[in-house]
Amino acid sequence: MDALDAGAGSLLRQPKAVWATAGASVVAFMGIGLVDPILPSIAQGLDATAGQVSLLFTSYFLITAFAMLITGWVSSRIGGRRTLLLGLAFVVVFAGLAGTSGSVAELVGFRAGWGLGNALFVSTALAVIVGAAAGGSAAAILLYESALGLGMACGPLLGALLGDASWRYPFFGTAFLMAVGFLCITVFLKEQPKPARKTSLLDPVKALGHGGLASAAASAFFYNYTFFTVLAFTPFVLNMTPYKSGAVFFAWGVLLAVFSVIVAPRLQARFGSLKVLGGSLVLLAADVLVLGYGSHTTAIVCTILSGAFIGVNNTVYTELALDVSDAPRPVASAGYNFVRWFAAAAAPYFAPRIEEWTDIHMPFVVAAVTALAGAAVVVVRRTALTHEVEELESKHATEDGVAVFVN
């Protein structure tokens, strides 16, 4: 929670290797929201339905979820630098191929390969940044969170700027930027020491046997369904040009970044993590409900406003996942992400189908219910989610690895 104050002085005084990895991280997170403004354009260009196009998110995050079980296994054997380069290579290839797609099925398949590469990269990037950074882990984590927020904000903007000419250009643009990141990491980043202990494929699943970590993952699962209903389904409801949709989600991303990096730590310091998380989830539920039933202007305002609640939730869930159990941070993070990314894959698939079965409002009603379900898990399992932060922070300070929250 003191990351802002502790890391502010040394944040900008970092080695080139750190800036190269952080820059590539920005582009990696841009890829998540990149397709938001161009979803209607993709549907029109490939003669596909909203439900078919939404599978771009489903395939991406379904592969990401399963990849969480192998990223630690890979990086503990070939090292952080090679894992980063492998992930970047996958993204360059599959993002480029996505731009050549002749059907929505091809595009969905290429997005799955892209998801594997992104999982390998982002699951390793924070550990590499912390290992190479000057000024301690506080400055490194702040830099990484800043890269995450910047990427989430700029992804829709880049998608809009390039997608206004053709829906294919954002994919080619991402491939080019990630190729630049590949070259920068190749030149500036030296290999990091391998962990003393190799991670097994089952370690993340075993870590979920801890009641606190399982509770955090379950709550995050419900929350992620709400999050990705907003991210993947709302563009079809707003039905705007790529430029206008990109502007909306850029503003959404700015709020996400500000509330994640600046506001959330201050709220936690004053009210405590669980109260902040429970309250933010309830407010998010109210926001998406109004989004679903309000006018077009109201829907735009609520979409942007949801970024604030999502930013707060992301930060608090990260800390819960990392500190609630005594598992090593990389292992705890992998198990936690394995659970929650299934909801990110489910929401884009089910939201358009719920609309087909009922009406345009019902997907947001379901999203509001899942946000409340996430809050209910926090309330019911608050004892399991309460932990001795000082003891765990002391333990984690001696660990070589660091976990990552992927947005």
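For clarity, every value in this text was computed on a predicted model and none was experimentally measured.

Thoughts on the overall build of the protein chain
Consideration 1: Scanning the protein chain for helices and strands turns up 18 helices and zero strands.
Consideration 2: Evaluated residue by residue, the protein chain yields a buried proportion of 57% over its 407 residues.
Consideration 3: At a minimum sequence separation of 6, the contacts of the protein chain that also span at least 24 residues come to 87%.
Consideration 4: Total accessible area computed for the protein chain in this model is approximately 15,300 Å², and 67% of it derives from carbon and sulfur atoms.

Thoughts on the packing of aromatic side chains
Consideration 1: Counted under the stated rule, the structure contains 20 aromatic pairs.
Consideration 2: Note on Phe-227 and Trp-252: the rings are 6.2 Å apart at their centroids and 45° apart in plane angle, and the pair reads as tilted. Note that Phe-227 is positioned in helix H11 (residues 211-238) and Trp-252 in helix H12 (residues 242-271), a separation of 25 residues in sequence. The same class applies to Phe-227 as to Trp-252, namely buried.
Consideration 3: For the cation-ring pair, Arg-353 lies above Tyr-349, with the distance from its terminal atom to the ring centre recorded as 4.0 Å.

Concerning helix H15 (residues 329-357)
Consideration 1: With 29 residues, H15 should reach 42 Å at 1.5 Å per residue; the first-to-last C-alpha distance of 42 Å fits that figure.
Consideration 2: Maximum bend of H15: about 30°, positioned at Ala-347, with proline Pro-348 one to four residues after it.
Consideration 3: Most of H15 is tucked away: 21 of the 29 residues are buried.

Some remarks on the nonpolar core
Consideration 1: By size, the foremost hydrophobic cluster in this structure holds 119 residues, and its most contacted members are Ile-42, Phe-61, Phe-121, Phe-171, Ile-185, Phe-228 and Trp-252.
Consideration 2: Looking at this core element by element, the count peaks at 14 residues for H11.
Consideration 3: Residues within four places of Phe-121 in sequence aside, it is in contact with Thr-21, Ala-24, Ser-25, Ala-28, Leu-84, Gly-87, Leu-88 and Ile-185.

Focus: the environment of Tyr-293
Consideration 1: Within the fold, Tyr-293 resides in helix H13 (residues 273-293).
Consideration 2: Residues within four places of Tyr-293 in sequence aside, it is in contact with His-361 and Val-365.

Notes on the packing of H15 against helix H16 (residues 362-380)
Consideration 1: Following both chains from N to C, one finds H15 and H16 inclined at 130°, their axes separated by 8 Å at the closest point. What the angle tells us is that H15 and H16 run oblique. Where H15 abuts H16, its residues Ala-351, Ile-354 and Glu-355 lie against Met-362, Pro-363 and Val-366.
Consideration 2: Per-class residue counts for the contact of H15 with H16 are five nonpolar, no polar and one charged.

Remarks on the environment of Ser-146
Consideration 1: With respect to the helices, strands and loops of the structure, Ser-146 is situated in helix H8 (residues 136-163).
Consideration 2: Residue Ser-146 is classed as partly exposed on the basis of its relative accessible area of 31%.
Consideration 3: Here the alpha-carbon distance between Ser-146 and Ala-22, two residues 124 residues apart in the chain, equals 8.9 Å.

A closer look at the layout of surface pockets
Consideration 1: There is about 150 Å³ of room inside the second largest pocket.
Consideration 2: What lines the second largest pocket is Phe-259, Leu-267, Phe-271, Lys-275, Val-276, Gly-279, Ser-280, Leu-283, Leu-305, Ala-308, Phe-309 and Val-312.
Consideration 3: Elements with a minimum of two residues in the lining of the second largest pocket: H12, H13 and helix H14 (296-323).
Consideration 4: If one sorts the elements of the lining of the second largest pocket by residue count, H13 sits on top with five residues.
Consideration 5: Looking at the lining of the second largest pocket residue by residue, the class counts come to nine nonpolar, two polar and one charged.

Here we look at the packing of H13 against H14
Consideration 1: Look at H13 against H14: their axes get within 9 Å of each other, and the N-to-C directions meet at 155°. Comparing their axes, H14 and H13 come out roughly antiparallel. Note on packing geometry: the crossing formed by H13 with H14 is left-handed.

Digging into the confidence of the model for the protein chain
Detailed conclusions should not be drawn from predicted coordinates in areas where pLDDT is low.
Consideration 1: With 88% of its residues at a pLDDT of 70 or more, the protein chain has an overall mean of 84.
Consideration 2: The least confident element of the protein chain is helix H18 (residues 389-396), whose mean pLDDT is 43; the most confident is H16, at 97.
Consideration 3: Across residues 1-9, confidence stays below pLDDT 50; counting only partners more than four residues off in sequence or on other chains, it has 17 contacts.
Consideration 4: Across residues 388-407, where pLDDT falls below 50, the model places 53 contacts with residues more than four positions away in sequence or in other chains.

Some thoughts on the side chain of Thr-21
Consideration 1: Secondary-structure assignment places Thr-21 in helix H2 (residues 16-33).
Consideration 2: Judged by its relative accessible area of 1%, Thr-21 falls in the buried class.

Here we look at the side chain of Thr-64
Consideration 1: With respect to the helices and strands, the residue Thr-64 is situated in helix H5 (residues 55-78).
Consideration 2: Among the polar contacts listed, one links the side chain of Thr-64 to the backbone oxygen of Tyr-60, at a separation of 2.8 Å.
Consideration 3: Thr-64 has contacts with Gly-115, Ala-119 and Trp-341, leaving out every residue within four places of it along the chain.

Rules and cut-offs
Numbering of residues starts from 1 in every chain and runs along the sequence as written. Local features are withheld for residues below a pLDDT of 70 in this predicted model, meaning they are given only at 70 or higher, and side-chain atom pairs are given and counted only at 80 or more; totals for whole chains, interfaces and linings count all residues. Calculation of side-chain values draws on the structure's entire complement of heavy atoms; hydrogens and water are dropped beforehand. Numbering of helices and strands starts at the N terminus; helices are DSSP runs of H or I of at least 4 residues and strands are runs of E of at least 2. Buried, partly exposed and exposed residues are distinguished by accessible area as a fraction of the type maximum, computed with a 1.4 Å probe on protein chains only: under 20%, between the cut-offs, and over 50%, respectively. It only takes one pair of heavy atoms within 4.5 Å for two residues to be counted as in contact. Each accessible area value is a Shrake-Rupley result obtained with a 1.4 Å probe; residue values ignore everything except the protein chains displayed when judging cover. What counts as a ring pair is set by centres within 6.5 Å for rings of Phe, Tyr and Trp (its six-membered ring), and what kind of pair is set by the plane angle: stacked under 30 degrees, edge-to-face over 60, tilted for all other angles. Charge-over-ring placement is defined geometrically: NZ (Lys) or CZ (Arg) within 6 Å of the ring centre, and within 35 degrees of the ring normal. The span one expects for a helix is its residue count, reduced by one, times 1.5 Å. Bend angle per residue: angle between axes fitted to the 7 residues ending at that residue and the 7 residues starting there. We call a set of buried residues a nonpolar core when its members are Ala, Val, Leu, Ile, Met, Phe, Trp, Tyr or Cys and they connect through side-chain atoms within 4.5 Å of each other. Whenever a helix is involved, its axis is fitted only over the stretch in contact; in every case the axis is a line through C-alpha atoms, and angles between N-to-C directions fall within 0 to 180 degrees. Convention used here: angles under 35 degrees read as roughly parallel, angles over 145 as roughly antiparallel, angles from 65 to 115 as roughly perpendicular, and any remaining angle as oblique. Residues are grouped as follows: nonpolar covers Ala, Val, Leu, Ile, Met, Phe, Trp, Tyr, Cys and Pro; charged covers Asp, Glu, Lys and Arg; every other residue, Gly included, is treated as polar. Only protein atoms enter the 1 Å grid used here. Points where a 1.4 Å probe fits but cannot escape make up a cavity, open sets with protein on both sides within 12 Å along at least five of seven lines make up a pocket, and a residue lines them when an atom lies within 4 Å of a point. Grid points are joined across faces, edges and corners, and a volume is the space filled by probe spheres set on the points. Crossing handedness: left-handed means the near helix sits turned counterclockwise from the far one by under a right angle, and right-handed means the same turn made clockwise. Looking at any residue, its pLDDT shows the predictor's confidence there, from 0 to 100. Pairs of N or O atoms within 3.5 Å make up the polar contacts considered here, provided that, within protein, one atom can donate a hydrogen while the other can accept it, and that residues adjacent in sequence are counted only when both atoms are side-chain atoms.

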